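These are the residues of each chain, in order.
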Amino acid sequence: MTTDGVGAAASNQYLGQYSGVSSQTIDQLIQADSIPMNLLQNQVQDLQGQEQAWSDVRSRLTNFLYDVQDLQKSDTYNSKVANSTNMSVATISGDDTASEGSHDIIVKQLATASKWTGGRVNSVPDSKTALNITGNFTIDLNPQADTPTGTDGNPINVPGFTIGDGKATSSKVVVDIKPGDTLNSIVTQINAQTKNTDIQASIVDNHLVFTSTQTGKASFSVDSSSTAGIADQLGLGTSQATTNQGQSALFSLDGLPITRNTNNVTDVLDGATITLAGVSATSGTGADATATPTTLSLADDTSKFQGAVSKMVDQYNSLMGLISSDLDPGDPTKADNQTGALVGDATLTQLEESLENMVTEGVSGGNPASPNKTSDSVGISFIDKNGTLGLDTDKFSKALKADPQAVKDFFYSADTDAKTGIVSNERGYATDLAKLTNSYLVNSTGNQGIIALTTAGFDSTIQDLNTQISNFQDQLTAKRAEYVTQFSALDSFMAQAQSQMTYFSSQIGAGI
């Protein structure tokens, strides 16, 4: 065998015709000298195998952590199933704070946006031709209060909407026009300020069109006093422009007349958003006209909660199956026994034992928010002698139906500051599992977890061994050169000796 990094001649090539030593002879000597290096290389391979095994554990443990963290999210417990009997009229959605229930809605009118259309600009053939005018003007969007007639026939006061949803600094757009500007560049200049003004511009057949980005009643006005006549040149004079007034939405919910300046209503039902899509159909005419109500409903979706627990259980079994395989000692009585990549690893054994204890013992010290619940009481327990974890869905459903808050609190509860929203004092089954898992997985500056430290130890040892291997290879190269020198010298000596013997023999034969 030829050692890596050590060159050799063909195995049948002799260094000399007298010594009988060939390159194959030197290869065999080098192979014997390489035994310590081969042991070092085997150590590197073993460590790399262990490091890869830990990498697989880290990946599987990370997936388990993701599933555990899902059990720390409020929407896992309080997701809602939403339904509408007529989605073309209205739909509903709810977050984790929304209450269960159904509501009848009748939509009389949808909210629309105000629009202001200027007269046609005939001085240029198209929107991309320079206007050759100079000056400036200001467009002002003015939200207005409204008093529409509600579904009960009585007027309802609706305040004007707020420009920019309260984020804008002004409702005015100042337009500065230079000789090279076109209708198109004017629109671009206006739309660059839309997020602050709620005014959006477009061009239709050389008409400048301004639209409010918010629905509800509003008016537009133009001020061009600083540049006389420029508004007229752009079709924005009083006699040229026309306004299509926006309106607020009118609807009733469970018979209560309501109006809003939007079709996405978020402040009528706590935690719920009602989206208005169309006007309710009516039957009859005049005073006998009757609107057909649409029923909107929200119901707690316990399937998401159960699904999250089931997914966590499945991922636990997947993780523990990998750990068991890595720690498997096999059958020591067999000559060809195959063991796991991390057999005898005390760190992995500790992880296995900690997880086994925690998933069945439940919350360490109990959860004050749910003192009477254990993992078994919500259906989580081992189902065979191999430590396979299972979820009894019937038991889980019964516990959830009997006391949903207690079951939720068993898995996760925390204190939340009403003003800041900061969460503290997290506790529960999922919290304990997350803390344990994170202690192995965390890997940040100044905070390395158990796996990161273990991997760093492997890397350091492998680096040291590779340095020793590299040095040993250099020694073998020098050793081969030394063998070649020694055997070449031997062959030369033997050649000289043979020459002298031949000479002596010839002299003797000649009778000298």
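In the block above lies the structure referred to throughout.
Residues numbered from 1 in each chain as written. Predicted model: local features only at pLDDT ≥ 70, side-chain atom pairs only at ≥ 80, totals over all residues. Heavy atoms only, no water.

Participant: Any chance you could explain the pairing of strand β11 (residues 249-253) here in plain terms?
Facilitator: On a regular strand, one side chain projects to one face of the sheet and the next to the other, so that they alternate. Of all 5 residues that make up β11, 5 are buried, and the element is covered over most of its length. Burial along β11 is two-sided: A249, F251 and L253 facing one way and L250 and S252 facing the other are all buried. Two elements, strand β3 (residues 101-109) and β11, share 4 bridges in a ladder whose sense is antiparallel. Bridge pairing in β11 places V107 opposite F251. Here β11 runs beside strand β12 (residues 256-260); their pairing, made up of 5 bridges, is antiparallel. By the bridge assignment, F251 is partnered in β12 with I258. The hairpin turn running from β11 into β12, its antiparallel successor, is 2 residues long, and D254 in that turn takes a positive phi close to 55°. (Buried < 20%, exposed > 50% of the residue type's maximum accessible area, 1.4 Å probe, protein only. Helix = DSSP H or I, 4+ residues; strand = E, 2+ residues; numbered from the N terminus. Pairing = 2+ DSSP bridges.)

Participant: What is the right way to read the environment of D70 from this model?
Facilitator: The residue D70 is located in helix α2 (residues 35-70) in this model. Sequence separation between D70 and M312 is 242 residues, and the spatial gap between their C-alpha atoms is 8.8 Å. A distance of 3.2 Å separates the side chain of D70 from the side chain of K73, its partner in a polar contact. (Polar contact = N/O pair within 3.5 Å; in protein donor to acceptor, adjacent residues only side chain to side chain.)

Participant: What is the right way to look at the nonpolar core in this model?
Facilitator: What tends to happen in soluble globular proteins is that the nonpolar side chains get buried as a cluster. With 59 residues, the main nonpolar core has F64, L71, F305, M312, I380, F396 and F411 as its most contacted residues. Dropping the residues within four chain positions of it, L71 is found in contact with T76, Y77, F305, A308, V309, M312, F411, Y412 and A430. (Core = buried A, V, L, I, M, F, W, Y, C linked by side-chain atoms within 4.5 Å. Contact = heavy atoms within 4.5 Å.)

Everything listed is a geometric property; what it means functionally is a separate question.
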